[in-house]
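Fold and contact review
Chain residues, written in single-letter form:
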Amino acid sequence: MTSEATAVVIGASIGGLLAARALSEHFARVIVFDRDELPTAAANRRRVPQDRQLHVLLARGRSALEELFPGLSEQLRDAGAPIVDLHQQVHWYNDGYSMRRAPSDLIGIGVSRPLLEHTIRARVAALPGVELRARSTVTGLLTDAAGTTVTGVRILADSTDGAPDTVTAALVLDASGRASGSPRWLAELGWPTPPEEHVRVDVTYVTRLYQHRPEHLDGLLGALTNAVPGAPRAGIAAALEGDRVAIALNGMLGEQPPTDDAGMAAFAERLAAPHIARIVRDAPPAGEAVIMRYPASVRRRYERLRRFPGGYLVIADALCSFNPIYGQGMTVAALEALLLRRLLAGSRTGIARAFFRGAARIIDGPWTIAVGTDLRFAEVPGRRGARVRFINAFVHRLHVAAVDDAVLGAAFLRVLNLVRPPASLLRPGVVVRVLRGALRAGAQPRFR
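An account of the accompanying structure is given in this report. (Residues numbered from 1 in each chain as written. Predicted model: local features only at pLDDT ≥ 70, side-chain atom pairs only at ≥ 80, totals over all residues. Heavy atoms only, no water.)

1. Comments concerning the overall build of the protein
For the protein, the helix and strand inventory stands at 12 helices and 18 strands. Relative to the globule expectation of 22 Å for 448 residues, the C-alpha radius of gyration of the protein, 22 Å, shows essentially globular dimensions. Across its three principal axes, the protein shows a C-alpha extent of roughly 70 × 45 × 40 Å. Counting all 448 residues of the protein, 55% fall into the buried class. Here the protein has roughly 18,500 Å² of accessible surface; of this, 51% comes from carbon and sulfur atoms. (Helix = DSSP H or I, 4+ residues; strand = E, 2+ residues; numbered from the N terminus. Rg over C-alpha atoms; globule rule 2.2 N^0.38 Å. Buried < 20%, exposed > 50% of the residue type's maximum accessible area, 1.4 Å probe, protein only. Areas by Shrake-Rupley, 256 points an atom, 1.4 Å probe, with all protein chains shown as cover.)

This is how it looks when you write it as structure tokens:
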């Protein structure tokens, strides 16, 4: 098989599919390999256990997906997924304080991971030159004689007799997720491996689907409350397609939500958002509770490597895996796919350095949000500089003031949805409103 105008993607989850979409504009052939069976409908995948958990698509992620797949939001809406004004149609309890709601342009979609992935997969599979190969495991990389350029991959397909096949390509892209083999493969070829940053959070989350009754959310489409020091528990309710609502209960630092009816109800009763407990207590279940554990956020610093082979890139969770509580992963993957598309439109000389540096800038904001927030908990190891302590104290006061000030709520949600950088919260106009709000605040946080 010739490598001319051929690109290979390792992994057919959302990150890999988005990368394939970007590559399809610049390569005559794009082959996406995945070790799992790829369903032909919206269904859970055996080797993707996290797809049974609630996934959140942030506002910036939805708009990025629209750039890659025009009309995707309407397509999901037609499949039954509700379009959500994330400020007006969600009950927010930040640090136990109820945010004042207001109409906004922060638009999300209440969609399950299986429906979203199936819809994207179908759009990618329909692209000219794109081929999805299921039950095919990448076992290593091919290089040129000098060992300076990746020229393809070794494949072990379920349909073979155990003998590996080889596929050559002009570009290979690793989108195989958190368990990426890239560090090992690079080391085997004599290349340096990226330094890694780990932030241990020991998150356990439990998701269960219920039949959606609008009265449980007071006619809205979601509810959210975060974990705080001393109460490392969080919860989300999100209306989905099929007249269902997903409840995700999260515990940090060894706090583990139960999976039985009574235990889930008792856990939910301790959260600040009463709507979550009401659903768990009263709504008919539409599935079993599913548990997932996430030990640590991991960031691989490929941008710091001085040497890296040509013809190879790493993207999405293989590059950085975030604490899932913040719902950033799919949005970051979409933004990285847009970056890849822009870079491929120009000179491909030095594309790895340009991509990793650009991806690092994309990751910096959400990484700062996730890690900075996690460092509020004394049990989370990590350096707490004066800036981290100041920002966390300031954001807490913002939540207090946002009980009455919808402008502050909007400013916070724009950062949370990766529309604006975290530094935007320190603009003079925001600071003044926070100080005024703190002086007149009388609201008390809700915790049980």
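2. Quick notes on the sheet that holds strand E13 (residues 222-225)
Pairing within the open sheet is mixed, and its eight strands lie in the order E5-E4-E13-E14-E15-E12-E16-E18. Here the strands that pair on one side only, and so sit at the sheet edges, are strand E5 (97-98) and strand E18 (320-321). Bridge count for strand E12 (residues 196-211) against strand E16 (residues 290-300) is 10 bridges, and the pairing is antiparallel. Among the inter-strand pairings, Val203 is bridged to a residue of E16, identified as Tyr294. (Pairing = 2+ DSSP bridges.)

3. Quick word on the side chain of Ser180
Here Ser180 is to be found in the loop between strand E11 (171-174) and helix H5 (182-188). We classify Ser180 as buried; its relative accessible area is 9%. Among the polar contacts made by the side chain of Ser180, one reaches the main-chain amide nitrogen of Ser182 at a distance of 3.0 Å. (Polar contact = N/O pair within 3.5 Å; in protein donor to acceptor, adjacent residues only side chain to side chain.)

4. Thoughts on the packing of helix H2 (residues 59-68) against helix H8 (residues 329-344)
Between H2 and H8, the shortest axis-to-axis distance is 8 Å and the interhelical angle comes to 35°. For the crossing formed where H2 meets H8, the hand is left-handed. Taking contact as the criterion, the partners of Arg60, Gly61, Ala64, Leu65, Glu67 and Leu68 in H2 are, on H8, Thr331, Ala334, Leu335, Ala337, Leu338 and Arg341. Here the residues of the contact of H2 with H8 sort into seven nonpolar, two polar and three charged. (Axes fitted to C-alpha atoms, helices over the stretch in contact; angles between N-to-C directions. Left-handed = near helix turned anticlockwise from the far one by under 90°. Contact = heavy atoms within 4.5 Å. Nonpolar A, V, L, I, M, F, W, Y, C, P; charged D, E, K, R; others polar.)

5. A closer look at the pairing of strand E15 (residues 244-251)
Counting buried positions along E15 yields seven of eight residues, so the element is predominantly enclosed. Across eight bridges, the pairing between E12 and E15 is antiparallel. Following the sheet pairing, Thr204 is matched in E15 by Gly251. With eight bridges connecting them, strand E14 (residues 233-240) and E15 associate as antiparallel partners. The residue of E15 that forms the bridge with Ala239 is Val245. If you look at the hairpin formed by E14 and E15, you'll find three residues sitting between the two strands, and Gly242 has a positive phi there, around 75°.

6. Describing the sheet that holds strand E8 (residues 136-143)
Pairing between sheet strands relies on hydrogen bonds along the backbone, with the strands arranged either parallel or antiparallel. Reading across the sheet, the three strands line up as E8-E9-E10 and stay open at both edges, with antiparallel pairing between neighbours. The outermost strands of the open sheet, each flanked by one partner alone, are E8 and strand E10 (165-168). Strand-to-strand twist of the sheet, defined as the mean angle between neighbouring strand axes without regard to direction, takes the value 30°. When strand E9 (residues 150-157) meets E10, the two strands line up antiparallel, connected through four bridges. Paired with Val153 across the two strands is Val167, which belongs to E10.

7. Examining the nonpolar core
Here is a general trend for soluble globular proteins: nonpolar side chains tend to be buried in one another's company. One finds Leu18 and Val153 to be the most contacted residues of the largest nonpolar core, which totals 123 residues. Discounting chain neighbours no more than four positions away, the residues touching Leu18 are Leu65, Leu68, Phe69, Ile120, Ala333, Ala334 and Ala337. (Core = buried A, V, L, I, M, F, W, Y, C linked by side-chain atoms within 4.5 Å.)

8. Some points on unusual backbone geometry
Across the chain, the bulk of peptide bonds are trans and the bulk of non-glycine residues have phi less than zero. With phi around 55°, Asp218 is a residue other than glycine that occupies positive phi space. Within the secondary structure layout, Asp218 lies in the loop between E12 and E13. Overall, Asp218 belongs to the partly exposed group, its relative accessible area being 47%. A positive phi angle is found at Ala316, which is not glycine, with a value near 60°. Mapping Ala316 onto the fold places it in the loop between strand E17 (312-314) and E18.

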